[in-house]
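# Tertiary structure, described
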Amino acid sequence: MCAEKLKYSKKVKKGDIKEAINLYDEIKSVIKEDEELINLSKNRLNKDCYQDENLNLLTMDIAYFIENFNEEKKQEMIKVDKCWYVGANMEGVDYFDEFVKNGYWENGYENRYLDKVKSMQIGDKIVIKSAYTQKRDLPFDVNNKSVAVMKLKAKGTIIENKQDGRRVSVKWDKPWEKPKKWFFLQYRGTINKVERKDDDWVYGALLDFTFNDIEQDYDKFLTYPYWANRYDIDIENEEDYEENNEVKIYTKENFLQEVFIEEDFYNNLLNVLKRKKNIILAGAPGVGKTFMAKRLVYSLLGKKDDKYIRMVQFHQSYAYEDFVMGYRPSENGFVLKTGIFYNFCQIAQSDRENDYFFIIDEINRGNISKIFGELLMLIEANYRDEEIILSYNGKNFAVPNNLYIIGMMNTADKSLAVVDYALRRRFSFFKIKPAFEDGSFKEYQKKLENDYFNKLVNLLIKLNHEISDDISLGEDFCIGHSYLCNLNKDICTRDLLKEIAYYEILPILREYYFDDLDKVSYWQDEFEGIFDNETK
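Residues numbered from 1 in each chain as written. Predicted model: local features only at pLDDT ≥ 70, side-chain atom pairs only at ≥ 80, totals over all residues. Heavy atoms only, no water.

Within the chain, the regular secondary structure consists of 22 helices and 18 strands. As presented, the chain carries roughly 29,000 Å² of accessible surface, and 46% of it is formed by carbon and sulfur atoms. (Helix = DSSP H or I, 4+ residues; strand = E, 2+ residues; numbered from the N terminus. Areas by Shrake-Rupley, 256 points an atom, 1.4 Å probe, with all protein chains shown as cover.)

Below, the structure written as structure tokens:
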């Protein structure tokens with residue numbers, strides 16, 4: 001009985017007395033219930049032995065056995081360092097049985113993911129999965145919030161790849177009788193490569209869970225700052241934790257799963273940013289410019305680490321003194337203080353091995369010449385690391401070559417002046433459009449399985465076409481997709497979607513068509529036709 005109950009999976013850190021005592025007490029509580037084990041131990045003791053009435057020695061012996069048993073089990077583990085986690089649901093049809101029965105896996109797209117499929121090698125491991133969110137009946141407490149889930153259905157080995165970008169032959173193992181559930185880290189895309197990383201335990205844990213039946217350590221995930229913050233969980237000694245654990249790995253694949261743009265567009269963004277050093281993401285409100293900017297940086301860094309990022313928002317009162325350098329009042333008069341951009345340049349200058357990223361929200365709201373001053377020349381790619389003398393302190397200063405600038409611009413705000421031509425020459429501009437008709441958004445939409453959501457998306461597509469064709473508005477005023485992002489089946493209800501439509505989207509239309517009440521009335525009727533003319 002004792003052996004069956006002792007499934008303690010936590011790893012006690014060296015020096016963690018509290019956790020060691022908890023493990024000791026748990027072992028002893030189970031031993032006390034096992035009369036057979038207690039009698040066996042007592043029968044082995046003669047009168048010269050310590051009688052161990054409190055079961056202390058037996059508890060330590062059992063703990064020693066558990067530790068050595070786990071070490072032996074580790075040595076028997078299959079070391080898998082790379083695996084492809086793939087979907088089997090194509091255009092709403094589940095091909096799982098077809099794939100496993102006939103020994104293959106196929107990419108359901110004719111012109112997407114072709115390079116990924118071609119890169120699959122003979123001998124690579126492959127797993128069929130599905131992804132969704134779960135809120136109820138979780139094996140841990142996350143304050144009644146939804147958690148990402150990846151259900152693993154079958155694993156196998158790739159035995160042939162004809163390099164057509166569509167199909168690989170697979171020797172499938174017998175599917176798991178009960179699919180394995182992996183929580184927190186989820187892959188929504190059709191095809192995802194997971195590799196073990198020396199500087200991130202998460203991927204290794206997933207691979208060991210998949211191929212060695214090593215149970216997922218929920219506590220380790222929930223005490224990791226990323227998930228602890230997401231689920232409002234307090235972490236003891238959070239500073240020590242962050243000091244001893246690497247930040248979360250973030251790749252191109254993560255970006256494409258979170259941001260609704262095509263891979264070619266992403267590649268263009270990266271190539272131009274690396275060459276030009278300065279780009280601007282321009283688009284209507286709600287297309288996800290800020291969200292995209294930070295995740296673009298994460299994908300370039302290869303990890304989610306904000307220490308390489310600074311972010312500021314321009315406004316009409318923002319000045320050179322805030323941005324670069326200027327005199328500020330103090331107790332003894334005025335003192336010369338450096339600004340956020342100057343300081344960040346100094347940090348990047350002292351760490352040439354890493355790239356740094358300065359993000360400017362609402363870049364067209366500020367007076368660019370007034371804010372940048374003489375630095376407007378230095379930010380050009382051809383003038384990086386070139387020094388000039390600053391007027392305030394008379395010292396040499398340069399914008400380092402490893403610093404990149406990403407601006408965001410709201411194209412719908414026509415109260416702003418035309419963008420400074422000096423800014424246009426030094427930045428490359430990318431137009432960010434609503435993603436309702438993008439393939440990755442459609443995948444996200446399909447997983448919600450919500451008729452109200454589908455009707456609302458169709459109506460917004462129709463609305464955006466009309467806005468684009470309107471000579472007084474144009475595509476700069478289209479409604480963005482971020483109004484409908486970050487939803488799951490549990491929270492994507494008729495009432496929530498109605499709130500978004502009535503109190504977030506319709507007010508924008510009233511501003512657009514303030515002089516055309518008939519048009520406002522028409523679109524209001526269209527929205528009401530979705531929500532108020534039907535019962536749930």
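Following the structure, the description resumes.
Strand direction decides the pairing type here: strand 1 (residues 82–86) and strand 5 (residues 125–134), joined by 4 bridges, are parallel. Looking at the pairing, Val-86 lines up with Ile-128 of strand 5. In the sheet, strand 5 pairs with strand 6 (residues 147–161) via 10 bridges, with the strands oriented antiparallel. Pairing of Thr-133 across the sheet is with Ala-148, part of strand 6. (Pairing = 2+ DSSP bridges.)

Time to look at the environment of Ile-261. Of note, Ile-261 is situated in the loop between helix 11 (252–258) and helix 12 (263–276). Residues Ile-261 and Gly-439 lie 178 residues apart in sequence; the distance between their C-alpha atoms is 8.3 Å. Leaving out residues up to four positions away in the same chain, Ile-261 has contacts with Phe-255, Leu-256, Tyr-266, Leu-269, Met-292, Asp-438 and Ser-440. (Contact = heavy atoms within 4.5 Å.)

Moving on to the packing of aromatic side chains. The geometry of an aromatic ring pair is captured by the separation of the ring centres together with the interplanar angle, meaning the angle of the planes. Overall, the coordinates contain 41 aromatic pairs when judged by the stated rule. Here the aromatic rings of Tyr-318 and Phe-323 are separated by 6.3 Å at their centres, their planes lie at 70°, and the arrangement is edge-to-face. Comparing Tyr-318 with Phe-323 shows no difference in burial state: the two are buried. Ring centres 6.0 Å apart and planes at 85° place the aromatic pair Tyr-444 and Phe-453 in the edge-to-face group. As far as burial versus exposure is concerned, Tyr-444 and Phe-453 are alike and both buried. Three or more aromatic residues joined by ring pairs make a cluster, and in this case those are Tyr-308, Phe-314, Tyr-318, Phe-323, Phe-341, Phe-344, Tyr-356, Phe-358 and Phe-372. One Lys or Arg, Lys-180, reaches over the ring of Phe-209 and ends 4.4 Å from the middle of that ring. For Arg-295, the ring lying beneath its charged end belongs to Phe-291, and the centroid distance is 3.8 Å. (Phe/Tyr/Trp six-rings, centres within 6.5 Å; stacked < 30°, edge-to-face > 60°. Buried < 20%, exposed > 50% of the residue type's maximum accessible area, 1.4 Å probe, protein only. Lys NZ or Arg CZ within 6 Å of the ring centre and 35° of its normal.)

With 14 residues, helix 12 extends 20 Å from end C-alpha to end C-alpha; this agrees with the ideal 20 Å at 1.5 Å per step. The set of residues buried in helix 12 consists of Tyr-266, Leu-269, Leu-270, Val-272 and Leu-273. Buried residues in helix 12 make contact with helix 11, strand 10 (278–283), helix 13 (289–301), strand 14 (356–361), strand 17 (403–410) and strand 18 (428–431). Count one or two residues on from helix 12 and you reach Lys-277, which has phi positive near 75°. (Expected span 1.5 Å × (residues − 1).)

Note on placement: His-465 falls in helix 20 (residues 451–469). Taking the C-alpha atoms as reference points, His-465 and Cys-478, 13 residues apart in sequence, are found 8.2 Å from one another.

Our focus in this paragraph is the pairing of strand 13 (residues 333–338). Relative to strand 13, strand 12 (residues 325–330) runs antiparallel, the two sharing 6 bridges. Among the inter-strand pairings, Arg-328 is bridged to a residue of strand 13, identified as Val-335. If you look at the hairpin formed by strand 12 and strand 13, you'll find 2 residues sitting between the two strands.

By size, the foremost hydrophobic cluster in this structure holds 62 residues, and its most contacted members are Leu-281, Phe-314, Phe-341 and Phe-372. Counting residues in hydrophobic clusters, the runner-up holds 40 residues, among them Phe-477, Ile-505, Tyr-513 and Phe-527. (Core = buried A, V, L, I, M, F, W, Y, C linked by side-chain atoms within 4.5 Å.)

By secondary structure assignment, the location of Asn-402 is in the loop between strand 16 (396–397) and strand 17. Judged by its relative accessible area of 5%, Asn-402 falls in the buried class. A polar atom in the side chain of Asn-402 sits 3.0 Å from the backbone oxygen of Ala-348. Those residues in contact with Asn-402, other than ones at most four positions away along the chain, are Ala-348, Asp-351, Arg-352, Asn-354, Asp-355 and Tyr-356. (Polar contact = N/O pair within 3.5 Å; in protein donor to acceptor, adjacent residues only side chain to side chain.)

Helix 22 (residues 517–531) packs onto helix 20 with a crossing angle of 160° between their chain directions and a minimal axis gap of 9 Å. One finds that helix 20 runs roughly antiparallel with respect to helix 22. Between helix 20 and helix 22 the crossing geometry is right-handed. Residue-level contacts link Tyr-452, Lys-455, Leu-456, Leu-459, Leu-460, Lys-462, Leu-463 and Glu-466 of helix 20 to Lys-519, Tyr-522, Trp-523, Glu-526, Phe-527, Ile-530 and Phe-531 of helix 22. (Axes fitted to C-alpha atoms, helices over the stretch in contact; angles between N-to-C directions. Parallel < 35°, antiparallel > 145°, perpendicular 65-115°, else oblique. Left-handed = near helix turned anticlockwise from the far one by under 90°.)

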